[in-house]
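Here are the chains, one letter per residue:
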Amino acid sequence: MRRIPNFVLLRAFEAAARLQSFTLAAHELHLTPSAISHQVRELEEVFGKALFRRSHRRVDLTPEGHRLLESLTRVLDALEACCAEVSLAPSGQVLSVYCAPSFAAKWLGPRLSDFMGKHPGISIRLTTGAEPMDLTQAREVDVAISYGRALERPGVEVVPLGKEQIAPMCSPSLKNEGRSWKEVIGELTLIESQLSQVTWRDWFNLNKLQLPQRPRQSFDRGALSISAAVDGLGVALETTRFAERELARGDLVVAGNSEFQTITRENHFFSQRTNERQIEKVKKFKDWLLEAVRVGGASPDSRERAAPK
């Protein structure tokens, strides 16, 4: 037998802690405030510790209550995900993919229709986050694609997704045709991607140019930097992997591709649990992903639009 308190008590505590109100918790669970209060009291007796500080008009969590809520939320999220797998694909499989936000929006998302077309029996459940996922702890996640680094753990296999070109990109309208990019780049507004592995200082030093000492525009996602560059806000230093469609359509150009030194980095990493290598849904997604990375270039629809007529 597992040493777990009655789930009814845990459910009452989670609702009251999340909503910070016994009354709101009672309304959500179709109980009375008195019933919620009694169930929370009973749970406190099980632990031998107070989980709430009670006052006349409100309840506040104790430090022990905060710890329980944080852990319980993760457990309930995982339980909800398990139940969702049954309802989402009763006759198929659900693959839970955790992915870096900009990679999901700019590269993976536009290609998922290709994966689904090839594997109609697998449904993708995609969640995003900036921090690398620890697959030894997050058992509800099948595979992860992280940016910058992957968490190396015993029992976890990590595969780099190839080198990417980090380049300055901007709207073609910002280029003065009568001047070289080396003359123009120092006058343009620089757009910073806060999480980027390569900074503007790195790029200017590599190209033996003086870094302009003026305010820059700053974004915490590469996808936002790309969008700002398309809108003509300035020049973004980002991976061209995030801008494949914009480059193919001519919304962006790589500034001075033949004038400046090229920077390449391994930015994205695929992770899976070693003992799940032969699980069909994991294997099919990994094989498809690595092939898509190997082929490279823009997504299929943008390559078609950019193809010579």
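Keep in mind it's a predicted model, so treat the numbers as computed, not measured. (Residues numbered from 1 in each chain as written. Predicted model: local features only at pLDDT ≥ 70, side-chain atom pairs only at ≥ 80, totals over all residues. Heavy atoms only, no water.)

### Some details on the nonpolar core
- Residues Phe 103, Leu 108, Ile 145, Phe 285 and Leu 289 are the most contacted members of the largest nonpolar core, which totals 33 residues.
- Of all elements in the fold, only strand E3 (93–99), helix H5 (101–118), strand E5 (143–147), strand E7 (163–170), helix H8 (222–230) and helix H10 (280–295) reach the threshold of two or more residues within this core.
- Residues Ala 12, Phe 22, Ala 25 and Ala 26 belong to the second largest nonpolar core, which totals 21 residues. (Core = buried A, V, L, I, M, F, W, Y, C linked by side-chain atoms within 4.5 Å. Buried < 20%, exposed > 50% of the residue type's maximum accessible area, 1.4 Å probe, protein only. Helix = DSSP H or I, 4+ residues; strand = E, 2+ residues; numbered from the N terminus.)

### Examining empty space enclosed by the protein
- Overall, the coordinates contain one cavity of 30 Å³ or more when judged by the stated rule.
- By volume, the largest cavity is sized at about 70 Å³.
- Along the walls of the largest cavity sit 13 residues, with Gln 165, Ala 167, Pro 168, Asn 257 and Gln 261 positioned nearest its centre.
- Considering each element in turn, the lining of the largest cavity owes the most residues, four residues, to E7.
- Classifying every residue of the lining of the largest cavity gives eight nonpolar, five polar and no charged. (1 Å grid on protein atoms, 1.4 Å probe; cavity = no way out; pocket = protein on both sides within 12 Å on 5 of 7 lines; lining within 4 Å. Points joined across faces, edges and corners; volume = space filled by probe spheres on them. Nonpolar A, V, L, I, M, F, W, Y, C, P; charged D, E, K, R; others polar.)

### Thoughts on the sheet that holds strand E13 (residues 268–273)
- Strand order in the open sheet formed by five strands is E4-E3-E5-E13-E6, with mixed pairing between adjacent strands. Strands with a single pairing partner mark the edges of an open sheet, and in this sheet they are strand E4 (122–128) and strand E6 (156–160). Pairwise comparison of adjacent strand axes, ignoring direction, gives a mean angle of 20 degrees for this sheet.
- As judged from the three bridges shared by E3 and E5, these two strands associate in the parallel manner. Its bridge partner lying in E5, Val 97 is registered against Val 143.
- Against the sheet, H5 makes contact with E3, E4, E5 and E13, and its axis sits at roughly 170 degrees relative to E4, the strand it touches most.
- Here H10 sits on the sheet and contacts E3, E4, E5, E6 and E13; the angle it forms with E3, its principal contact strand, is near 50 degrees. (Pairing = 2+ DSSP bridges. Axes fitted to C-alpha atoms, helices over the stretch in contact; angles between N-to-C directions. Contact = heavy atoms within 4.5 Å.)

### Comments concerning the pairing of E13
- Burial analysis of E13 places six of its six residues in the buried class, which makes it a mostly covered element.
- Here E13 shows no split at all, with His 268, Phe 270 and Gln 272 on one side and Phe 269, Ser 271 and Arg 273 on the other all buried.
- Direction of pairing for E5 relative to E13: antiparallel, over a ladder of five bridges. Pairing of Tyr 147 across the sheet is with His 268, part of E13.
- As paired elements, E6 and E13 share five bridges and run antiparallel to each other.

### Overview of the packing of helix H1 (residues 7–19) against helix H2 (residues 22–29)
- Between H1 and H2, whose axes approach to 8 Å, the crossing angle comes to 125 degrees. Overall, the two elements H1 and H2 adopt an arrangement that is oblique. For the pair H1 and H2, the sense of crossing is right-handed. Of H2, the residues touching H1 (which contributes Arg 11, Ala 12, Ala 15, Ala 16, Arg 18 and Leu 19) are Phe 22, Leu 24, Ala 25, Glu 28 and Leu 29. (Parallel < 35°, antiparallel > 145°, perpendicular 65-115°, else oblique. Left-handed = near helix turned anticlockwise from the far one by under 90°.)

### Things to note about the pattern of salt bridges
- Scanning the entire structure with this criterion turns up 21 salt bridges.
- With a closest N to O distance of 2.8 Å, Arg 111 and Glu 244 form a salt bridge. Here the residue Arg 111 occupies a position in helix H5, and Glu 244 occupies one in helix H9 (residues 244–249), the gap between them amounting to 133 residues.
- Arg 111 gets classed as buried once you look at its relative accessible area, which sits at 5%.
- On the accessibility criterion, Glu 244 (14% relative accessible area) is buried. (Salt bridge = Lys/Arg side-chain N within 4 Å of Asp/Glu carboxyl O.)

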